[in-house]
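# Fold and contact review
Chain by chain, the residues run as shown.
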Amino acid sequence: MDTYNKDLDSIRPFLAKAESKQAPLCSSGFTKTFLYFICAVSAMGGLLFGYDWVVIGGAKPFYELYFGITDSPLLQGVAMTTALVGCLAGAMVAGALADRYGRKPLLMLSAVLFTVSAVATGLFDDFTLFNTARFIGGVGIGVASALAPMYIAEVSPAEIRGRMVSLNQMTIVLGILSAQIVNMLLARDTSVAENMAWNTEWGWRWMFWAETLPAGLFLVMSFFIPESPVYLRLKSTMQQLQTPKEAGLRELMQPKYRHVLLLGLIIAVFQQWCGTNVIFNYAQEIFVGAGFDVDGMFINIVITGIANVLFTFVALYTIEKWGRRTLILLGAGALFMIYFILGTCYFMGITGTMMVVLVVAAISVYAMTLGPVTWTLLAEIFPNRVRGIAMATCTFALWVGCCTLTFSFPSMNAALGSSGSFWIYSAICLCAYIYLFRNCPETKGKSLEELEALINN
C-alpha cells in the first residue's frame, strides 16, 4: 500500500499540470521523449511475443526429426499448440493481477517468463520438458499481449494514442521478421546430409536461444518505466472510497458492459479467424502446396515478414488519419476478396509466383489494418474501471481463436484442401465486415474518458 502511495505522490505534479491549460503533451505528464521511451520498452513485450510465437515454425522440420514425431500428427499438433495453451493461461490471469498489483510488475513478469522459456526450450532433450518450456513462454506471450497495449494506451495522449499502441504491433511484426530471418540464417542447406544432421541436433536449439538477448534486455529496461498513471489514479480513488480496486468478471458481465464486451470479443477472435496467422504457423504446408521446396519456403517466409513490417509502418501513419473504423472495415473487406481469389487459385492448381503475390497481399492488408487496429481498439473501448479484466477477457478469447485456428487447420486442410480452407476464411471475413460495419465506432482523437461516455451511453 505504501509503495503505491509513493508512486502516486511521485507523479502528482505531472497530473496537476495535465489538468491545467498548459498541459504537457501526455495526459500523464511525461515529456515526449520519455513517453516514447516507456512505450518502446513496453512494446518490447510485443517483439518477444512475435518472435516466440513464430520461431517454432522454422524450427518445426528439425525438432520433429529430433524428437521422432514426424509420423505423429497428434504430437506435432501438441508441439505447435503448447505455447498457445500457455497464452490462454497468461491472458486469463493478466487482467486480475494487473488490476491488483499494477501494470509494471506484470510486464516484468512476462520478461522473466520469456527469458526462462528461451533458455529452457533449446536446452531440453525430453519432449515433455520441451513442451513445458514452450508453455512457460506462452504464458509470457499471454501476459505481454494483454498488458503492453493497455499500458501504452494509458500513458499516451488521445491525439497520438492509436499510433503509440500501433507501436506494439510494429514490434510484434519486427519480432516475427527477426524469427524468420534467424531461422533462415541458422538452417543450413538441407540438401547436404551433414548440414541436415546439424539442423536436427543443434539448429532448432539456437533458433530458440537467440531470443535470450532481447528477453534479457526487456527485463533490464522494464525496471526503468513508471507505473501507469491511470492505474495509480484509479487505485487512489478506490482507496479513498474504500472499495475494491480490481473489477471481476461478474462486474464485467453487467448489462451496461455487455454491448462493448461483445464488440471486443468479436474483434479479438476475428483477428485470428481471419486466417492470416495460418500463413505464419503453417508456412511449410502453404508454400509447399504452392509448388515450393523447403529452401524456397524459407525465402518466401522472409518475403512475407518484410511485407508485414513495411505495411505496419503504413499503419502508423494511417491509423490517426483514416481512423480505426475505416481500417478495420478495409481489412475485413480486402481479405474477403483476397482469400476468395487465393482459394480459387488453389482449386485450379495454380502454383508459383502468383500464389506468393496473393499471400504477400493478404499479409500486407492484415499488417496495416487488423494487426494494429485490433490492439488499439481493445485498449480504447473499455471503461477505466473494467479495462484490466476486459482486456484480459478479450485477449483470452483472441488466444482461444488462435489455438482453435492453429489446431483445426491441418484437419480442415486435409478434408477440404487449401481451396476450401481459404474459402471458409473468406466467408468469415465477409461476416465480420457486416457486423463491424453495424457496430464498430470510431475512436480516433477521443480521450479514454470521452470514449467511455460515448460507447456506454
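A short tour of the structure in this document, coming up.

A separate point is the overall build of the protein. Scanning the protein from N- to C-terminus turns up 19 helices and zero strands. Across the 457 residues of the protein, 59% fall into the buried class. Summing over all exposed atoms, the protein offers an accessible surface of approximately 17600 Å²; the carbon and sulfur share of this is 69%.

By secondary structure assignment, the location of W273 is in helix α11 (residues 255–273). Sequence separation of W273 and A432 is 159 residues, and the distance between their C-alpha atoms is 9.9 Å. Apart from the residues within four sequence positions on either side, W273 is in contact with G401, T404, L405, S408, Y425 and I428. At 3.3 Å, the side chain of W273 forms a polar contact with the backbone oxygen of G401.

What follows deals with the state of the cysteines. This structure, assessed with the given rule, holds zero disulfides. For C87, which is in no disulfide, the shortest distance to another cysteine sulfur is to C402 and amounts to 6.8 Å. The exposure class assigned to C87 is buried, which follows from its relative accessible area of 0%. Cysteine C431 shares no disulfide, and the gap to the nearest cysteine sulfur, in C429, comes to 9.4 Å.

Side chains of F340, I341, F347, M348, I350, M354 and W423 sit close together on the surface and give an oily, nonpolar patch of about 700 Å² of accessible area. Here the nonpolar patch gets four residues from one element, more than from any other, and that element is helix α15 (residues 324–348).

Here we take up the pattern of salt bridges. Applying the stated rule across the entire model yields ten salt bridges. R103 is paired through a salt bridge with E154; the nearest N and O atoms lie 2.8 Å apart. Of this pair, R103 sits in helix α4 (residues 103–123) while E154 sits in helix α5 (residues 127–155), and the two are 51 residues apart along the sequence. Like E154, R103 is buried. As a salt-bridge pair, R205 and E201 come within 4.0 Å of each other at their nearest N and O atoms. On the criterion of helical spacing, the pair formed by R205 and E201 is a turn pair, its members being four residues apart in helix α7 (residues 193–209). Overall, R205 belongs to the buried group, its relative accessible area being 3%. Among the charged side chains, a network of salt bridges with common partners joins D99, R103, E154 and R387.

Bringing the side chain of T393 into the picture now. Among the structural elements, T393 can be located in helix α18 (residues 387–439). With a relative accessible area of 16%, T393 lands in the buried category. Among the polar contacts listed, one links the side chain of T393 to the backbone oxygen of I389, at a separation of 2.7 Å. Ignoring anything within four residues of it in the chain, the contact list for T393 reads L249, L252, L261 and L265.

Right, let's get into the nonpolar core. The biggest cluster of nonpolar side chains holds 124 residues, and the ones touching the most others in it are W53, Y63, L147, I328, W399, Y425 and L436. Of all hydrophobic cores here, the second largest spans five residues; its members include M170, V173, L177 and L316.

In an α-helix, one turn spans 3.6 residues; hence positions three or four apart end up facing the same way. Under the 1.5 Å per step criterion, the end-to-end length of helix α3 (residues 73–101) is 41 Å for 29 residues, consistent within 8% with the ideal 42 Å. When the local axis directions of α3 are compared, the greatest deviation, roughly 40 degrees, occurs at T81. Phi turns positive, to about 110 degrees, at G102, one or two residues after α3.

With that settled, the discussion passes to the packing of aromatic side chains. Applying the stated criterion to the full structure yields 21 aromatic pairs. Pairing F34 with F37 gives two aromatic rings, centres 6.0 Å apart and planes at 25 degrees, and the pair type is stacked. Here F34 and its partner F37 are both found in helix α2 (residues 32–67), three residues apart, which amounts to about one turn of the helix. Ring centres of F347 and W423 lie 5.6 Å apart, and the angle between their planes is 40 degrees; on these two criteria the pair is classed as tilted. One end of the pair, F347, is in helix α15; the other, W423, is in helix α18, with 76 residues separating them in the sequence. Taking relative accessible area as the criterion, F347 reaches 58% and is therefore assigned exposed. One aromatic cluster is present, built from ring pairs that chain together Y63, Y66, F67, F127, F130, W204 and F208. The aromatic ring of Y66 is capped on one face by R205, whose charged end is 4.9 Å from the ring centroid. Over the face of the ring belonging to F437 we find R325, whose NZ or CZ atom lies 5.3 Å from the ring centre.

What follows covers the packing of α11 against helix α17 (residues 370–380). It is the contact of α11 with α17, at a shortest axis distance of 10 Å, that shows an interaxial angle of 155 degrees. By the angle between their axes, α11 is roughly antiparallel relative to α17. Note that α11 runs across α17; the crossing there is left-handed. Across the interface between the two elements, G264, I267, A268, F270 and Q271 from α11 touch L370, G371, T374, W375, L377 and L378 from α17. Residues belonging to the contact of α11 with α17 are distributed by class as follows: seven nonpolar, four polar and no charged.

Criteria and thresholds
- Residues numbered from 1 in each chain as written.
- Predicted model: local features only at pLDDT ≥ 70, side-chain atom pairs only at ≥ 80, totals over all residues.
- Heavy atoms only, no water.
- Helix = DSSP H or I, 4+ residues; strand = E, 2+ residues; numbered from the N terminus.
- Buried < 20%, exposed > 50% of the residue type's maximum accessible area, 1.4 Å probe, protein only.
- Areas by Shrake-Rupley, 256 points an atom, 1.4 Å probe, with all protein chains shown as cover.
- Contact = heavy atoms within 4.5 Å.
- Polar contact = N/O pair within 3.5 Å; in protein donor to acceptor, adjacent residues only side chain to side chain.
- Disulfide = S-S within 2.5 Å.
- Patch = residues over 30% accessible without salt bridge, like charges linked within 9 Å, V, L, I, M, F, W, Y side chains within 5 Å.
- Salt bridge = Lys/Arg side-chain N within 4 Å of Asp/Glu carboxyl O.
- Core = buried A, V, L, I, M, F, W, Y, C linked by side-chain atoms within 4.5 Å.
- Expected span 1.5 Å × (residues − 1).
- Bend = angle between axes of the 7 residues up to and from the residue.
- Phe/Tyr/Trp six-rings, centres within 6.5 Å; stacked < 30°, edge-to-face > 60°.
- Lys NZ or Arg CZ within 6 Å of the ring centre and 35° of its normal.
- Axes fitted to C-alpha atoms, helices over the stretch in contact; angles between N-to-C directions.
- Parallel < 35°, antiparallel > 145°, perpendicular 65-115°, else oblique.
- Left-handed = near helix turned anticlockwise from the far one by under 90°.
- Nonpolar A, V, L, I, M, F, W, Y, C, P; charged D, E, K, R; others polar.

Shape descriptors only; they carry no functional weight alone.
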